[in-house]
Amino acid sequence: MKRLIIGIIFIVISFTVSVSSYFCVKNVCNGLYGSLSQTEYSADKSTDMALKNASLVTKEWQSKKIILSFFVTHDRTDKLDKSFARLDYCVRNKDTSEIKKLCSEIKAQLEIISDSQTPDLKEVF
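Residues numbered from 1 in each chain as written. Predicted model: local features only at pLDDT ≥ 70, side-chain atom pairs only at ≥ 80, totals over all residues. Heavy atoms only, no water.

## Notes on the pattern of salt bridges
And then number 1: Tallied over the entire structure, the rule returns six salt bridges.
And then number 2: Note that Arg-86 and Glu-105 form a salt bridge whose closest N and O atoms lie 2.9 Å from each other. Taken together, the residues span a long stretch of sequence, with Arg-86 in helix 3 (residues 74-93) and Glu-105 in helix 4 (residues 96-116) at a distance of 19 residues.
And then number 3: Residue classification places Arg-86 among the partly exposed positions, given a relative accessible area of 41%.
And then number 4: Among the ionic pairs, Arg-92 bridges to Asp-88, the shortest N-O distance being 3.5 Å. Of this pair, Arg-92 and Asp-88 are both found in helix 3, four residues apart, which corresponds to roughly one turn of the helix.
And then number 5: Taking relative accessible area as the criterion, Asp-88 reaches 29% and is therefore assigned partly exposed. (Salt bridge = Lys/Arg side-chain N within 4 Å of Asp/Glu carboxyl O. Helix = DSSP H or I, 4+ residues; strand = E, 2+ residues; numbered from the N terminus. Buried < 20%, exposed > 50% of the residue type's maximum accessible area, 1.4 Å probe, protein only.)

Right, dumping it as structure tokens:
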């Protein structure tokens, strides 16, 4: 009987971890997506504001990529990391047209990651 109870507890914990990872990835992707949308919008309006927003987004990525690397395959996070490195390079060169293109490219990558996440027990075991 004790083994059965311990087994059920492990299954419940595993399911909880799986569902919480799903929501964590969704929240991170949605937060970055919103910041990138704001940067893309500001690229049309003001060069200084676009550069400031792009710089803030790259700093936000540095803090959130660690969280994503726990739950998403490394090939996807590596692609995002390269795209954010290019965005940082464009910020240093003050290239707003390229910033806008990169923002839409990164947003597409984030959508793919967000849409491919499903709560699954395979992720836990």
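## Focus: unusual backbone geometry
And then number 1: The phi torsion at Lys-94 lies on the positive side, around 55°, for a residue other than glycine.
And then number 2: Here Lys-94 lies in the loop between helix 3 and helix 4.
And then number 3: A residue is classified by how much of its surface remains accessible, and Lys-94, at 60% relative accessible area, is exposed.

## Topic: helix 2 (residues 47-71)
And then number 1: Here helix 2 contains 25 residues, and its C-alpha end-to-end distance of 35 Å stays within 8% of the 36 Å for a straight helix at 1.5 Å per residue.
And then number 2: Lys-64 marks the point of greatest bend in helix 2, at about 40°.
And then number 3: What helix 2 keeps buried is the set Ala-50, Leu-51, Asn-53, Ala-54, Val-57, Thr-58, Glu-60, Trp-61 and Leu-68.
And then number 4: The secondary structure elements touched by the buried residues of helix 2 are helix 1 (2-45), helix 3 and helix 4.
And then number 5: One side-chain oxygen at the N-terminal end of helix 2 lies 3.5 Å from the backbone nitrogen of Asp-48; it belongs to Ser-46. (Expected span 1.5 Å × (residues − 1). Bend = angle between axes of the 7 residues up to and from the residue. Contact = heavy atoms within 4.5 Å. Polar contact = N/O pair within 3.5 Å; in protein donor to acceptor, adjacent residues only side chain to side chain.)

## Observations concerning the packing of helix 2 against helix 3
And then number 1: Packing of helix 2 against helix 3 brings their axes to within 10 Å, and their N-to-C directions diverge by 160°. Judged by the angle between their axes, helix 2 and helix 3 are roughly antiparallel. Where helix 2 crosses over helix 3, the handedness of that crossing is left-handed. From helix 2, Leu-51, Ala-54, Ser-55, Val-57, Thr-58, Trp-61, Gln-62, Lys-65, Leu-68 and Ser-69 reach across to helix 3, where they touch His-74, Thr-77, Leu-80, Asp-81, Phe-84, Leu-87, Asp-88, Cys-90 and Val-91.
And then number 2: Taken together, the residues of the contact of helix 2 with helix 3 break down into ten nonpolar, six polar and three charged. (Axes fitted to C-alpha atoms, helices over the stretch in contact; angles between N-to-C directions. Parallel < 35°, antiparallel > 145°, perpendicular 65-115°, else oblique. Left-handed = near helix turned anticlockwise from the far one by under 90°. Nonpolar A, V, L, I, M, F, W, Y, C, P; charged D, E, K, R; others polar.)

## Comments concerning the packing of aromatic side chains
And then number 1: Under the defined criterion, the tally for this structure stands at two aromatic pairs.
And then number 2: Here the aromatic rings of Tyr-22 and Phe-23 are separated by 5.1 Å at their centres, their planes lie at 70°, and the arrangement is edge-to-face.
And then number 3: Ring centres 4.8 Å apart and planes at 10° place the aromatic pair Trp-61 and Phe-84 in the stacked group. Of this pair, Trp-61 sits in helix 2 while Phe-84 sits in helix 3, and the two are 23 residues apart along the sequence. The pair formed by Trp-61 and Phe-84 is uniform in burial state, with each residue classed as buried.
And then number 4: Against the face of Tyr-33 rests Lys-107, its NZ or CZ located 5.0 Å from the ring centre. (Phe/Tyr/Trp six-rings, centres within 6.5 Å; stacked < 30°, edge-to-face > 60°. Lys NZ or Arg CZ within 6 Å of the ring centre and 35° of its normal.)

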